[in-house]
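Working through the structure, step by step
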There are 2 protein chains.
Amino acid sequence: MNDDLLAAFRAGDPRALARAISRCESGRGAELIRALYPLTGRALTVGLTGPPGVGKSTLTSAIVAYVRAQGKTVGVISVDPSSPFSHGALLGDRIRLAEHFVDPDVFIRSMASRGHLGGLAGATADAVSLMDAFGKDIVLIETVGVGQSEIEIAEVADTTLVALQPGSGDSVQVLKAGILEIADVFVVNKSDHPMALQLQREIRSMMEMLDFSGWVPALVSTQALAGTGIDKLWDAVVRHDAWLRESGAIREKRRAAFAHRVRQLAVGTLERRVEDVIADLADDLDPYAASDIVLETFGVHGGAIATGNTRARTAVRATVKGL
Amino acid sequence: MNDDLLAAFRAGDPRALARAISRCESGRGAELIRALYPLTGRALTVGLTGPPGVGKSTLTSAIVAYVRAQGKTVGVISVDPSSPFSHGALLGDRIRLAEHFVDPDVFIRSMASRGHLGGLAGATADAVSLMDAFGKDIVLIETVGVGQSEIEIAEVADTTLVALQPGSGDSVQVLKAGILEIADVFVVNKSDHPMALQLQREIRSMMEMLDFSGWVPALVSTQALAGTGIDKLWDAVVRHDAWLRESGAIREKRRAAFAHRVRQLAVGTLERRVEDVIADLADDLDPYAASDIVLETFGVHGGAIATGNTRARTAVRATVKGL
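Nothing here was measured: the structure is a model prediction, and the numbers come from that model.

1. A short note on the overall build of chain A
Summing up its helical and strand segments, chain A has 12 helices and 7 strands in all. For chain A, the proportion of its 323 residues judged to be buried stands at 46%.

Here is the structure:
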């Protein structure tokens, strides 16, 4: 089954790409990723996050139009952690992306986590790898909201855009929520809004409080609905990408992303096994002794009591009974 | 060092209890818990949660006064996940508890998670075990807020009280956030508020949408500042405790709490080890092969490719190179 799928994937059939992503989403994609991983690492991967209502889909659509005009092929991954829908389902304002549906060089995919051991971030990372291996020049990952899972998802992108909305009042909240640290480019969208300059000043003030070594986040203004400012936004992405490569920072970044992905997969499996062992534990253990027994099944020794669990527990009981 | 501490603990010295909790909080309490665990399981443990401003500290103080009047000894654990303070630091309105400071049969402790492998829930569970082993008849765990960590902390209590505030408008939000399922007793505090009856109706409507098998959550009204309704609140706690014991549900509940505690400890340790292995991984692996190598160091075999990593990787490379 994988052989046929791989053959179609290599032949450039977009339906094979869609099927491969579905397989990864449901936790059966390990073999595919293994086979295709050596083809990855060539795409420019860009994450886009920001609060609801900021116009992320409009921005995504405008970026797609801009890079398509340069002849680049694009993959778009729309991540909605709260959505049970998948398989290309388009929700709410993401319908804006529909203008690119007829373009065979744009591949659009909505994602939700399901059976993937690495959770939503793991499924997304697999989808990025597949689009990259498929040969897309640019992979855009758009995330809804600004919670922890969105920050995590930003880890899979080389360049992260944080879009903020003037006059929304929540910019400070957003910046406090750990978003300041992940932004490579700040995008003030709806730049025709009377509060747009105010928001730019706020972002600059926030940035002054941080000590940047290396890349200093760029700040650009856009009016995505009219396509205004997208050129400057893309210039910032290209400059960040160039900096990543020239400084060598891309190696560190990809190493961290890789470690995160492996951690999610391995810990996911270990957690399932831990459950099995816990279900079989004897009734008369204390939690630390029980944890040591669980850990011993994984070959991890040396809990807090170094003399071995059984002996230690017996000794402890004797002490207590002698009260 | 532990011998002296254990001796003082057994002699009923509250300073030994305080030191034992501190040791657990900083992740060095395994031996103490092991020694004292056989003495646990006798206290009535009560969790109290609810949104900020509902009057949790006033309720706690009123409950303490009520059960003290019945001659019971009490331990109080104030959990503030967002607070870096600990060691009995009292924050904001928790100062109300100060009226009980001079009572030697009331032990009050504020907690924050630090080095504990099991996180905040693990440190709290240790503190409950210690107060229980120390001989406190009742252990009250008061949590600030209604987030995930608070729901988790409610797992350590036999009986969970959910306090809600009339007219706060967030009752529905609170009930949606998974709180409905953990409540054994709903407490409508500030029952003199004009919206108090409305809130009671809302809670009853919510409860009608759920299918309760066994215990149906009690609903009581209090005016904690005046001490009104605390008798009915405590009656509900005692009824729930009696139901737990008569139905045998307490065994299932404590088994689940124990499993949760072991899981937190074991997975915490495994996660640290996973980091060490990841740091040593070769550069040229795909994430699934890397995860398999990590898992093999824990004796977990059988990733998606069953033929062994090295051979599988070689085969995969050969396939890809032949594209």
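There's more to say after this.
2. Some thoughts on the pairing of strand S6 (residues 185–188) of chain B
Moving residue by residue along a regular strand, the side chains alternate between the two faces of the sheet. Residues and elements named next belong to chain B. Burial of S6 is two-sided: the residues Val185 and Val187 facing one way and the residues Phe186 and Val188 facing the other way are all buried. Judged from the 4 bridges that link them, S6 and strand S7 (residues 218–221) form a sheet pairing that is parallel. Residue pairing in the sheet places valine 185 in a bridge with alanine 218 of S7. Handedness of the S6-helix H8 (residues 196–208)-S7 crossover: right-handed.

3. A closer look at the sheet that holds strand S2 (residues 74–79) of chain A
Residue and element names in this part refer to chain A. The 7 strands are arranged S3-S2-S4-S1-S5-S6-S7 in an open sheet whose pairing can be described as parallel. Among the strands making up the open sheet, the edge pair consists of strand S3 (106–111) and strand S7 (218–221). For this sheet the average axis-to-axis angle between neighbouring strands, irrespective of direction, equals 20 degrees. By the bridge criterion, 6 bridges tie S2 to strand S4 (residues 138–143) in an arrangement that is parallel. Among the inter-strand pairings, valine 76 is bridged to a residue of S4, identified as leucine 140.

4. Comments concerning the sheet that holds strand S5 (residues 159–164) of chain B
Residues and elements named next belong to chain B. Spatial strand order, S3-S2-S4-S1-S5-S6-S7: 7 strands in an open sheet with parallel pairing. Each edge of the open sheet carries a strand with a single partner, namely strand S3 (106–111) and S7. Across the sheet, the mean angle from the axis of one strand to that of its neighbour is 20 degrees, orientation sign disregarded. As judged from the 4 bridges shared by S5 and S6, these two strands associate in the parallel manner. Counted as the bridge partner of leucine 161 is valine 185 from S6.

5. Re the packing of helix H1 (residues 2–10) of chain A against helix H2 (residues 14–25) of chain A
Residues and elements named next belong to chain A. At a minimum axis distance of 7 Å, the contact between H1 and H2 shows a crossing angle of 130 degrees. For the element pair H1 / H2, the angle class is oblique. The chirality of how H1 crosses H2 is left-handed. For the pair H1 and H2, contact is made by Leu5, Ala8 and Phe9 and by Ala16, Leu17, Arg19 and Ala20, respectively.

6. Here we look at the domain arrangement of chain A
All names here are of chain A. For chain A, the assigned domains are domain 1 (37–247) and domain 2 (262–321). In this complex, domain 1 contributes 5 residues to the contact, which on the side of domain 2 involves 4 residues. By residue class, the composition of the side of domain 1 that touches domain 2 is 2 nonpolar, 3 polar and no charged.

7. Topic: the packing of helix H2 (residues 14–25) of chain B against helix H5 (residues 119–134) of chain B
Residue and element names in this part refer to chain B. For the pair H2 and H5, the least separation of the axes is 9 Å and the interaxial angle reads 155 degrees. As judged from the angle between their axes, H2 and H5 are roughly antiparallel. The hand of the H2/H5 crossing is right-handed. Within the contact between the two elements, H2 uses Leu17, Ala20, Ile21, Cys24 and Glu25 and H5 uses Ala123, Asp126, Ala127, Leu130, Met131 and Phe134. Residues of the contact of H2 with H5, tallied by class, amount to 9 nonpolar, no polar and 2 charged.

8. Quick look at the confidence of the model for chain A
Residues and elements named next belong to chain A. Considering every residue of chain A, the mean pLDDT works out to 83; 80% of them sit at 70 or more. When mean pLDDT is compared element by element in chain A, helix H9 (residues 230–247) scores highest at 97, while helix H12 (residues 309–321) scores lowest at 36. Long-range and interchain partners of residues 83–93, a stretch whose pLDDT sits below 50, account for 20 contacts in this model, where long-range means more than four residues apart. Reported confidences for the modelled complex are a pTM of 0.74 and an ipTM of 0.82.

9. Topic: helix H4 (residues 56–69) of chain B
Residue and element names in this part refer to chain B. Here H4 spans 20 Å end to end across 14 residues, near enough to the 20 Å set by a 1.5 Å rise per residue. Here H4 lies mainly inside the structure; 10 of its 14 residues are buried. Along H4, the positions that sit buried rather than exposed are Lys56, Ser57, Thr58, Leu59, Thr60, Ser61, Ala62, Ile63, Val64 and Val67. Backbone geometry just downstream of H4 places glycine 71 in the positive-phi region, at approximately 85 degrees.

10. Focus on the nonpolar core
Ranked by size, the top nonpolar core spans 160 residues in total, and within it Leu130(A), Val187(A), Leu130(B) and Val187(B) carry the most contacts. In contact with Leu130(B), other than residues within four places in its own chain, are Leu17(B), Ala20(B), Ile21(B), Cys24(B) and Leu36(B).

11. Focus: unusual backbone geometry
All names here are of chain A. Of note, lysine 190 is a non-glycine position whose phi angle comes to about 55 degrees, a positive value. Within the element layout of this structure, lysine 190 appears in the loop between strand S6 (185–188) and helix H8 (196–208). Judged by the 23 C-beta atoms lying within 10 Å of it, lysine 190 is buried.

12. Some thoughts on the pairing of strand S4 (residues 138–143) of chain B
The element S4(B) is extensively covered by neighbouring structure, given that 6 of its 6 residues are classed as buried. Residues of S4(B) alternate between two faces, with Ile138(B), Leu140(B) and Glu142(B) on one and Val139(B), Ile141(B) and Thr143(B) on the opposite face, all of them buried.

13. Brief notes about the environment of His240(A)
Looking at where His240(A) falls in the secondary structure, it is placed in helix H9. What His240(A) contacts, discounting residues up to four positions off in sequence, is Thr159(A), Asp184(A), Val185(A) and Trp215(A).

14. Notes on the environment of Val76(A)
By secondary structure assignment, the location of Val76(A) is in strand S2. Separated by 17 residues in sequence, Val76(A) and Leu59(A) place their C-alpha atoms 12 Å apart.

About the criteria used
- Residues numbered from 1 in each chain as written.
- Chains lettered and ligands numbered in written order.
- Predicted model: local features only at pLDDT ≥ 70, side-chain atom pairs only at ≥ 80, totals over all residues.
- Helix = DSSP H or I, 4+ residues; strand = E, 2+ residues; numbered from the N terminus.
- Buried ≥ 20, exposed ≤ 12 C-beta atoms within 10 Å, placed from the backbone.
- Pairing = 2+ DSSP bridges.
- Right-handed = clockwise from strand over helix to strand, strands pointing away.
- Axes fitted to C-alpha atoms, helices over the stretch in contact; angles between N-to-C directions.
- Parallel < 35°, antiparallel > 145°, perpendicular 65-115°, else oblique.
- Left-handed = near helix turned anticlockwise from the far one by under 90°.
- Contact = placed C-beta atoms within 7 Å.
- Domains from an automatic or database assignment.
- Nonpolar A, V, L, I, M, F, W, Y, C, P; charged D, E, K, R; others polar.
- pLDDT = per-residue confidence, 0-100.
- Expected span 1.5 Å × (residues − 1).
- Core = buried A, V, L, I, M, F, W, Y, C linked by C-beta atoms within 7 Å.

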